Amino acid sequence: MRRRVFRTLVTGVGLSVCGGVFQLGCSPTAGLLNMVRGINPCGTIFNCDPREYQFITSGIDGPGVNPEKDPFCSFPPFCSAAEDPIFGDLGGNP
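In every chain, residue numbers begin from 1 and rise along the written sequence. Given that the model is predicted, a residue must reach a pLDDT of at least 70 before its local features are reported, and side-chain atom pairs must reach 80 or more before they are shown or counted; all residues, however, enter totals for whole chains, interfaces and linings. Neither water nor hydrogens contribute to the side-chain values; these are computed over all heavy atoms in the structure.

1. Here we look at the overall build of the protein
Quick reminder of the rule: Only runs of H or I of at least four residues qualify as helices and only runs of E of at least two qualify as strands under DSSP, and these elements are numbered from the N terminus. Any two residues whose heavy atoms approach within 4.5 Å at even a single point are treated as in contact.
Of regular secondary structure, the protein possesses three helices and zero strands. The N-to-C order of helical and strand elements in the protein reads α-α-α. Partitioning the contacts of the protein with sequence separation of at least 6, the portion at a separation of at least 24 is 19%.

Printed below as a string of structure tokens:
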């Protein structure tokens, strides 16, 4: 009985460690940095708009269509919410 519990415990710990390494990827530091970079502190830690934080960290730096970042608007955040569901109305449009 004791051997079965120990074997189950070792198997569970091994699977947990393998799952954690798989989550981090090949490079643990790069995986950890991507995980920390993906956290949006607005709304949970700070009192700010999560969409504004997402826009600031998105890398959009000027006008033009960039389908990887925002496929709906050619000049985010100055499109309306009807045109752009991602960053619409962040620029103060009514």
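2. What to know about the packing of aromatic side chains
The following threshold applies: Pairing of aromatic rings covers Phe, Tyr and the six-membered ring of Trp, with a centre-to-centre limit of 6.5 Å; geometry is then stacked below 30 degrees between planes, edge-to-face above 60, and tilted otherwise.
Counted under the stated rule, the structure contains two aromatic pairs. Centroid distance Phe55 to Phe87: 5.2 Å. Interplanar angle 70°. Geometry classified as edge-to-face. You can see Phe55 sitting in helix H3 (residues 50-56) and its partner Phe87 sitting in the segment after H3, a full 32 residues away along the chain.

3. Topic: the confidence of the model for the protein
Note: predicted coordinates in regions of low pLDDT should not be interpreted at a detailed level. Counted only if it meets this: As a per-residue measure, pLDDT tells how confident the predictor is, with possible values from 0 to 100.
Averaged over all residues, the pLDDT of the protein is 78; the fraction at 70 or higher stands at 86%. The element-level mean pLDDT for the protein is lowest in helix H2 (residues 28-37), coming to 73, with H3 highest at 84.

4. Focus on the state of the cysteines
Note the cut-off: The term disulfide is used for any two cysteine sulfur atoms that are within 2.5 Å. Only protein chains enter the area calculation, which uses a 1.4 Å probe; residues under 20% of their type maximum are buried, those over 50% are exposed, and those in between are partly exposed.
All chains considered together, the criterion is met by two disulfides. There is a disulfide in this structure between Cys42 and Cys48, and the S-S distance comes to 2.0 Å. Judged by the sign of its S-S torsion, about -95°, the cystine formed by Cys42 and Cys48 is left-handed. For Cys42, a relative accessible area of 8% gives the class buried. The partner cysteine of Cys73 in its disulfide is Cys79, sulfur to sulfur 1.7 Å. Across the disulfide from Cys73 to Cys79, rotation about the S-S bond amounts to roughly 65°, and the bridge is consequently right-handed. Taken as a pair, Cys73 and Cys79 share a single burial class, namely buried. Bonded cysteines in the protein are paired 1-2, 3-4 when counted in the order they occur along the chain.

5. What about the side chain of Ser58?
Basically, it comes down to this: By the criterion applied in these results, polar contacts are pairs of N or O atoms within 3.5 Å in which, for protein atoms, one can donate a hydrogen and the other can accept it, and in which residues neighboring in sequence qualify only through two side-chain atoms.
Mapping Ser58 onto the fold places it in the segment after H3. Within the local environment of Ser58, its side chain forms a polar contact with the backbone oxygen of Phe55, the two atoms lying 2.8 Å apart. In this structure the side chain of Ser58 is engaged in a polar contact, spanning 3.4 Å, whose partner is the backbone nitrogen of Ile60.

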